[in-house]
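Architecture and fold: a report
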Amino acid sequence: MQATWPYPRWIAHRGAGKLAPENTLAAFRLGAAHGYRAFECDVKLSADGVPFLLHDATLERTTSGRGTAGDLAWDALSRLDAGSWHSRGYAGEPLPRLDAIAAYVLRNGFALNIEIKPTPGAERRTGEVVGTEVLRLWGAQPQALPPLFSSFQPESLAGARDTAPQVPRALLLDSLREGWLEEAQGLGCVAVVCNHKLLDEAVIGRIHAAGLRSLCYTVNDSADARRLEAAGIDGVITDAVDRFSAAAPGTAD
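Described below are features of the structure shown in this document. (Residues numbered from 1 in each chain as written. Predicted model: local features only at pLDDT ≥ 70, side-chain atom pairs only at ≥ 80, totals over all residues. Heavy atoms only, no water.)

Quick notes on the overall build of the chain
If you tally the helices and strands in the chain, you get 8 helices and 9 strands. The C-alpha radius of gyration computed for the chain amounts to 17 Å, which stays within 12% of the reference 18 Å derived for 253 residues, consistent with globular compactness. Principal-axis analysis of the C-alpha atoms places the extent of the chain at approximately 50 × 40 × 35 Å. Taken over 253 residues, the chain has a buried fraction of 53%. Taking contacts inside the chain between residues at least 6 apart in sequence as the whole, the part at least 24 apart equals 55%. Of the side-chain charges in the chain, 25 are positive and 30 negative, and the distance between the mean point of each set is 3 Å. (Helix = DSSP H or I, 4+ residues; strand = E, 2+ residues; numbered from the N terminus. Rg over C-alpha atoms; globule rule 2.2 N^0.38 Å. Buried < 20%, exposed > 50% of the residue type's maximum accessible area, 1.4 Å probe, protein only. Contact = heavy atoms within 4.5 Å. Lys, Arg positive; Asp, Glu negative; His and termini not counted. Charge placed at Lys NZ, Arg CZ, Asp CG, Glu CD.)

Below you can see the structure in the form of structure tokens.
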């Protein structure tokens, strides 16, 4: 296992994706205001190949648009309201491109976990394009901490590996399917990111014994946080940026 792990243990989910509209620059700023220095976000491609932040395949839940997000060109996506669904104070908040988020985290020295979240059918291409774009964006600051890629889609991780092999990767899991650890190793991953309910000391021990780091999502309860820290977890993704202190993990603000 890597002797030192460069990423902060506590990671703000989709920015501060409950207190502000998820996957927006406003959410990142609010997470930073609560002391967080590491952020998770979801990235997919527009119809014309622009990487941008959005969790769902469709637009209805978190934007003023309708239909499949990946069917629209960036020009149309950029005009959508991605804030009003959350609250009036965020009305008009736009969907951000990956390059806008990169500029923010690089200027502030923050860490980033990019979940590659492809539109169904675009798994490998999304990984390839996001990999290429990350090399361009972070390549201008070679001393900066590179983002950590993660994905539930092995094809997306393989695409990112093919275009940006030096950027670290993690396999996302919502179940411990047969061969999950070997799958992560075969993709050249440095970490596994699991639903926190799947993890205990034994599973974390297996991951560590394989030379990988163990991260989990989405931890919002203090008892879960304490249990996972005692079991040796390396990274915790949370919505509760207003209740968990990133400076003193596992405790309430």
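Examining the pairing of strand 2 (residues 38–45)
As a general feature of sheets, a regular strand has side chains that alternate between the two faces. Counting buried positions over the 8 residues of strand 2 gives 8, a clear majority of the element. Burial along strand 2 is two-sided: Ala38, Glu40, Asp42 and Lys44 and Phe39, Cys41, Val43 and Leu45, pointing in opposite directions, are all buried. Here strand 2 runs beside strand 3 (residues 51–53); their pairing, made up of 3 bridges, is antiparallel. For Lys44, the partnering residue across the bridge sits in strand 3 and is Phe52. Between strand 2 and strand 3, which pair antiparallel one after the other, the connecting turn spans 5 residues, and Gly49 there sits at a positive phi close to 85°. (Pairing = 2+ DSSP bridges.)

What about the pattern of salt bridges?
Inspection of the entire model under this criterion finds 13 salt bridges. Glu22 is the partner of Arg14 in a salt bridge, and the nearest nitrogen-oxygen pair spans 3.1 Å. Overall, Glu22 belongs to the buried group, its relative accessible area being 9%. In this structure, the salt-bridge partner of Glu133 is Arg136, at a minimum N-O distance of 2.6 Å. Remark: Arg136 and Glu133 occur in helix 4 (residues 123–139); sequence separation between them is 3 residues, near one turn of the helix. Connected through salt bridges with shared partners, the residues Arg14, Glu22, Asp42, Asp56 and Arg61 form a single ionic network. (Salt bridge = Lys/Arg side-chain N within 4 Å of Asp/Glu carboxyl O.)

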